[in-house]
Amino acid sequence: MIKRFTILFFLLFSAISWSQNSPLAYSKALKIYNLTTFDAVTNSSPSPDLPGISFNSTVKTFQLLHPTIAFQWKTKKRENFHEIELTNFTFRTTNAMEEKITDSLNSVQIISGSKETNFSIAARYEYIFTFFKTKDRKFLPSLGLGINSYFLQSSTRPKTADLFPVSDRIIGSKVFLTPRISYFITPKLFLDFNIPLCIIDANLQTIKKQDPILPINQQSISTMRFQQFPSIFSARIGLGIKL
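Residues numbered from 1 in each chain as written. Predicted model: local features only at pLDDT ≥ 70, side-chain atom pairs only at ≥ 80, totals over all residues. Heavy atoms only, no water.

S.K.: Just to check I follow, could you spell out the pairing of strand β9 (residues 197–209) for this structure?
M.R.: Regular strands place their side chains on alternate faces of the sheet. Across twelve bridges, the pairing between strand β7 (residues 166–184) and β9 is antiparallel. Following the sheet pairing, G172 is matched in β9 by N203. Two elements, β9 and strand β10 (residues 220–228), share nine bridges in a ladder whose sense is antiparallel. The residue bridging I200 from the neighbouring strand is Q228, located in β10. (Pairing = 2+ DSSP bridges. Helix = DSSP H or I, 4+ residues; strand = E, 2+ residues; numbered from the N terminus.)

This is the structure we're talking about:
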C-alpha cells in the first residue's frame, strides 16, 4: 500500500512540475535582442528654385550589431503575447569650425563651420500568435503582427552668415509580419529567433530652409511617402528571461 502511494505521489509530483515548467507557463518576460538590418532608402525631393526639377538620393545601410530591449506579456484569454521594444534611440550633436587667424592684426575670422544635431527614436508594438500550444515542446513557432513607429530629425546651423539653417524631419510607421520560433532552454530562459518582414512603410518628410530670400511658403517642403514591401531585410535573435 505504501509503495503504491509513493509511486502515485511521484507521478503526481512529476505531472505538476512539468505543468509548472511548461514553455508557456509564464505571464511576463524580458528580452534582450540583437537586430541585424539591411535598408535601402531612396528619397525624391523637388527643387525649391528650379520648377520641374527633382533630386533623388539613395542611402544603403547595413547594421550587423544593434542591441535592443523588449518586454513581453501574455494576453488574458489566450496564450498569445503582446510585446513592446525600443528599437532605436539616438541623440548626437557635432560642432565643427574653421578659423582664419591673422597674427599681425591679432584677429580671428570664422571661415566655415556648423552645429549639427541629430535625434531619432523608434518603438515597436507587436501582437504574437502562438501555435501548437502543447506542454511538451521545446520549439514553439509563432507569428507576430507589429507596427514600428519612428521619428528622425536633423538640423544644421551654420556659423557663417552666407549659409542658412536647414532642418530635416521624418515621422512615420512601418508594418511588419514576423515569423518566429522560440527554443526553451530552461524553465526560465529561452531563445527567440524571428525575421521581420516589412509590408508597409509610410512617412511624412519636412525639409525647412530658413532662407530669407525665399517666400515663406517655399522655405518648407513636405513630402508624403507610402511604400509597399520596401527594401528592408532584417533578422532578430534574442534571449528571453521569464519574470
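S.K.: Please clarify how empty space enclosed by the protein should be interpreted in this entry.
M.R.: If a probe as big as a water molecule is rolled over the atoms, it shows which places are left empty. Evaluation of the coordinates by the stated rule reveals one cavity of 30 Å³ or more. Roughly 120 Å³ of internal volume is contained in the largest cavity. Together, 15 residues line the largest cavity, and Y26, Q72, T130, S142 and S182 are the ones closest to its centre. Those elements that place two or more of their residues in the lining of the largest cavity are β5 (107–130), β6 (139–158), β7 and β8 (189–194). Residues belonging to the lining of the largest cavity are distributed by class as follows: eight nonpolar, four polar and three charged. (1 Å grid on protein atoms, 1.4 Å probe; cavity = no way out; pocket = protein on both sides within 12 Å on 5 of 7 lines; lining within 4 Å. Points joined across faces, edges and corners; volume = space filled by probe spheres on them. Nonpolar A, V, L, I, M, F, W, Y, C, P; charged D, E, K, R; others polar.)

S.K.: Help me understand unusual backbone geometry, please; the structure alone is not making it clear to me.
M.R.: Both trends apply: most residues other than glycine have a negative phi, and most peptide bonds are in trans. We note that F229 has phi near 50°; this positive angle belongs to a residue other than glycine. Within the secondary structure, F229 sits in the loop between β10 and β11 (232–242). Classification of F229 as exposed rests on a relative accessible area of 61%. (Buried < 20%, exposed > 50% of the residue type's maximum accessible area, 1.4 Å probe, protein only.)

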